[in-house]
Amino acid sequence: MKHFARLLLTVITALFAGCVPEELCFRELPADDPNAPLVIAALLPLSGENRMYAEQMQEGLLAAQNKINRYGINGRQLQLEFIDTKGTFSGSADALKLAGDKQAIAAVAGYDSEEVSMLIPHAAKMRMPMVIPLATSDYHLQTSPFIYRNSFSNIQQTEVLANFLVHWRQKSRGAIITDPTGDDEYTREISRDFAQAITDIGGKITMNITLEANSLLSDGQLRSMLMAEPGFILISARGKRAAEQLKSLRQAGFTGIICGADCWDDQEFIFSLEGSEPGDCVFTAFFNEENSSREFRTFRKEFREKFYHYPGACETQSYDALIFLAIGLDNADNLWDFDRNWRTIRNHHGVSGLYTMLKKGEIDRTIYLKTIGVDRRSGKPVPFARFSKKLQHSDLKNYRIIE
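If you're wondering where the values come from, they're calculated on a predicted model, not measured in any experiment.

Q: Go over the overall build of the chain, please, and point to the residues and values.
A: From N to C terminus, the chain includes 12 helices and 14 strands. For the chain, the C-alpha radius of gyration of 22 Å lies close to 22 Å, the compact-globule estimate for 403 residues. If one aligns the C-alpha atoms of the chain with their principal axes, the spans along those axes are about 70 × 50 × 45 Å. Counting the 403 residues in the chain, one finds 56% classified as buried. The long-range fraction of contacts in the chain, counting pairs at least 24 apart against all pairs at least 6 apart in sequence, stands at 67%. Accessible area of the chain: about 18100 Å², with a carbon and sulfur share of 50%. Counting 46 positive and 51 negative side-chain charges, the chain places the centres of these two groups 4 Å from one another.

Q: If you had to explain the pattern of salt bridges to someone new, which residues and values would you point to?
A: Inspection of every chain in the model, using the stated rule, returns 17 salt bridges. Residue Arg-192 pairs with Asp-193 through a salt bridge whose shortest N-O separation is 3.8 Å.

Q: Lay out the pairing of strand S2 (residues 78–84) in plain terms, naming residues and giving numbers.
A: By the bridge criterion, seven bridges tie strand S1 (residues 38–44) to S2 in an arrangement that is parallel. When the sheet's bridge partners are listed, Ile-40 is paired in S2 with Leu-80. Of the crossover connections in this fold, the one passing from S1 over helix H2 (residues 51–68) to the parallel S2 is right-handed.

Q: A description of the state of the cysteines should follow, citing residues and the corresponding values.
A: Enumeration according to the criterion identifies zero disulfides in this entry. Free cysteine: Cys-259, not disulfide-bonded; nearest cysteine sulfur from Cys-281 at 8.8 Å.

Q: Can you tell me about the side chain of Glu-189, naming the residues and giving the values?
A: In this structure, Glu-189 sits in helix H6 (residues 184–200). Not counting residues within four places of it along the chain, the set of residues in contact with Glu-189 comprises Thr-136, Ser-137, Asp-138, Tyr-139 and Asn-154.

Q: Any chance you could break down the packing of helix H10 (residues 294–307) against helix H11 (residues 313–329) for me, citing the residues and the numbers?
A: Remark: H10 packs on H11, axes separated minimally by 12 Å, with the N-to-C direction vectors making an angle of 110°. Comparing their axes, H11 and H10 come out roughly perpendicular. Where H10 crosses over H11, the handedness of that crossing is right-handed. Contacts between H10 and H11 involve Phe-296, Phe-299 and Phe-303 on the former and, on the latter, Glu-315, Thr-316 and Tyr-319. Within the contact of H10 with H11, the residues separate by chemical class into four nonpolar, one polar and one charged.

Conventions used here
Residues numbered from 1 in each chain as written. Predicted model: local features only at pLDDT ≥ 70, side-chain atom pairs only at ≥ 80, totals over all residues. Heavy atoms only, no water. Helix = DSSP H or I, 4+ residues; strand = E, 2+ residues; numbered from the N terminus. Rg over C-alpha atoms; globule rule 2.2 N^0.38 Å. Buried < 20%, exposed > 50% of the residue type's maximum accessible area, 1.4 Å probe, protein only. Contact = heavy atoms within 4.5 Å. Areas by Shrake-Rupley, 256 points an atom, 1.4 Å probe, with all protein chains shown as cover. Lys, Arg positive; Asp, Glu negative; His and termini not counted. Charge placed at Lys NZ, Arg CZ, Asp CG, Glu CD. Salt bridge = Lys/Arg side-chain N within 4 Å of Asp/Glu carboxyl O. Pairing = 2+ DSSP bridges. Right-handed = clockwise from strand over helix to strand, strands pointing away. Disulfide = S-S within 2.5 Å. Axes fitted to C-alpha atoms, helices over the stretch in contact; angles between N-to-C directions. Parallel < 35°, antiparallel > 145°, perpendicular 65-115°, else oblique. Left-handed = near helix turned anticlockwise from the far one by under 90°. Nonpolar A, V, L, I, M, F, W, Y, C, P; charged D, E, K, R; others polar.

Structure (structure tokens):
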């Protein structure tokens, strides 16, 4: 944060001086070959525990590279360098060094919030703009002015979820369960931001429980939580852990709304619910497979032809991230030019949604809400995610819907 404050002071000073300070100028391109490609580093956990998601991101980035190279950037081709961070501190450090050695001028950073947090503090030192496709931590934009995102933030998604519950579903009292297993930083931030969002619009959190890692609610905790008669319960947890917590609430007799954040939009979570009746649930998501926009339909068809399967959140978010990064780099050799270009992205239909880029790396974009349906045709409940609603974060100020 101290480095960020010093850099911000430099920017303000330079604005009045009318010059671009060296620390805001991008790395110089190789002088010996004016036609050399622009190298973009894709810093992904290709051998980490999130390698499956990294592979999906890789396909989205390759699809974007193909589109960009039909025209190029500043007369040059774009060359992606996929560099494995391994999802660790040491792996991230090695990946950043390798990106420097390969003379990368920009990067797409990581998968989840914890992995991205290992990368972005180095963006300013390397004078390299980094775009975050999927990590949602609000802390990231405070780390360096070189950081941009096409993902929504935790504050944004919890505000959408809170407004939906209070204004659409007319539920003003709820509880929160935080299960830090597997991602302590993300789950705690979601719970904190959701509690604040509910309070800000006049709701009330009756109980907020943080579990020990790998544990479920005790019988006493369940009784205390349900005795307060919550209309909704947020489960801040990932994958299988979220499914286990959800099933324990239903088995205890809770019939209200159970909600979650974007991490629920994941096959592991849905598959772990098989055989159960999830009931009334809602969660936020980056991706809507029912998206009817021309941009998504075209992308979906071309992606299927190239990779033999349909894209999901990782592929579409990564595709948009690289397209936007290319827009930012157009005739830009410093952060001011990049930022000016970046903020020309207004009411832009990407393949994941509608985007408008704001000051200081902030973003207004589409946030989807999904519910959980159940297929009972086989005689065994088979839950599945289904699209319910979408809205721009900026529309919240007008979000007083009466049905």
